[in-house]
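Each chain, letter by letter, is given below.
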Amino acid sequence: SGSQLESKADASVPEPPAARWDAPQLAASSPITHALVVERIFADVRAARSVSKEQLKLLDFMLGDEMALSALGLVGTKRLVCVTNRPSGRHFFSVAPSDPRSEAYRCFDGICTCPDFAFNVLQRGRKLFCKHVLAVRLAQSLDRYFVKYVDSVEFVHSMATAP
């Protein structure tokens, strides 16, 4: 196959902070408010090209489930790869789960093929997105991810083999 893997990382990913922040959920706030705050955090991360402990705490506070540290752990690793078609430039992210026996999840346009996204985002509306989409958004904001360039046949095959 004509694929290759390149790093988009222009610096090493900082170690995630060791401390976790246990804040109460913002039950009274609307999902729109959460989404706006989260988008502002991504904009700030993009501008600084780094993520602070306070931003991670705020993401955990806004998103729940202490997803931020787990998602940050995927950033800049070969478990998170932007599969890009040449010459069209169309792409999606492949995120390998922690269990090596499982298929990789596919993320594109804020959608993920994982069960958490299907159940908690789409069906129940309890989350803005899953850990995998958060990892993709952080990786894009930090410009730290690997790119695998593939031809059209391999791109379509990769999309079709999603779990």
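Structural data are supplied above this passage.
Residues numbered from 1 in each chain as written. Predicted model: local features only at pLDDT ≥ 70, side-chain atom pairs only at ≥ 80, totals over all residues. Heavy atoms only, no water.

## Things to note about the layout of surface pockets
Empty pockets left among the atoms are what a rolling probe the size of a water molecule brings to light. Filter applied, for reference: Cavity: a set of points on a 1 Å grid over the protein atoms alone where a 1.4 Å probe fits but cannot get out. Pocket: an open set with protein on both sides within 12 Å along at least five of seven lines, its lining residues, like those of a cavity, having an atom within 4 Å of a point. Grid points are joined across faces, edges and corners, and a volume is the space filled by probe spheres set on the points. To qualify as a helix, a DSSP run of H or I must reach at least 4 residues; to qualify as a strand, a run of E must reach at least 2; elements of each kind are numbered from the N terminus. Gly is put with the polar residues, along with every residue not named as nonpolar or charged; the nonpolar set is Ala, Val, Leu, Ile, Met, Phe, Trp, Tyr, Cys and Pro, and the charged set is Asp, Glu, Lys and Arg.
Its boundaries defined by the atoms lining it, the second largest pocket holds a volume of some 160 Å³. Lining of the second largest pocket is provided by His 91, Phe 92, Phe 93, Cys 107, Phe 108, Asp 109, Gly 110, Ile 111, Val 133, Val 136, Arg 137 and Gln 140. Element by element, the count of residues in the lining of the second largest pocket is highest for helix α5 (residues 131-142), at 4 residues. Tallied by class, residues from the lining of the second largest pocket come to 7 nonpolar, 3 polar and 2 charged.

## Quick word on unusual backbone geometry
Test applied: Only protein chains enter the accessibility calculation, which uses a 1.4 Å probe; a residue is then buried when its area is under 20% of its type maximum, exposed when over 50%, and partly exposed in between.
Omega for the peptide link from Arg 86 to Pro 87 comes to 15 degrees, which places this bond in the cis form. Tracing the backbone shows Pro 87 in the loop between β2 (80-85) and β3 (91-95). With a phi angle near 50 degrees, Asp 109 is a residue other than glycine that sits in the positive phi range. With respect to the helices and strands, Asp 109 occurs in the loop between β4 (105-108) and β5 (111-112). Take Asp 109: its relative accessible area is 78%, and that puts it in the exposed class.

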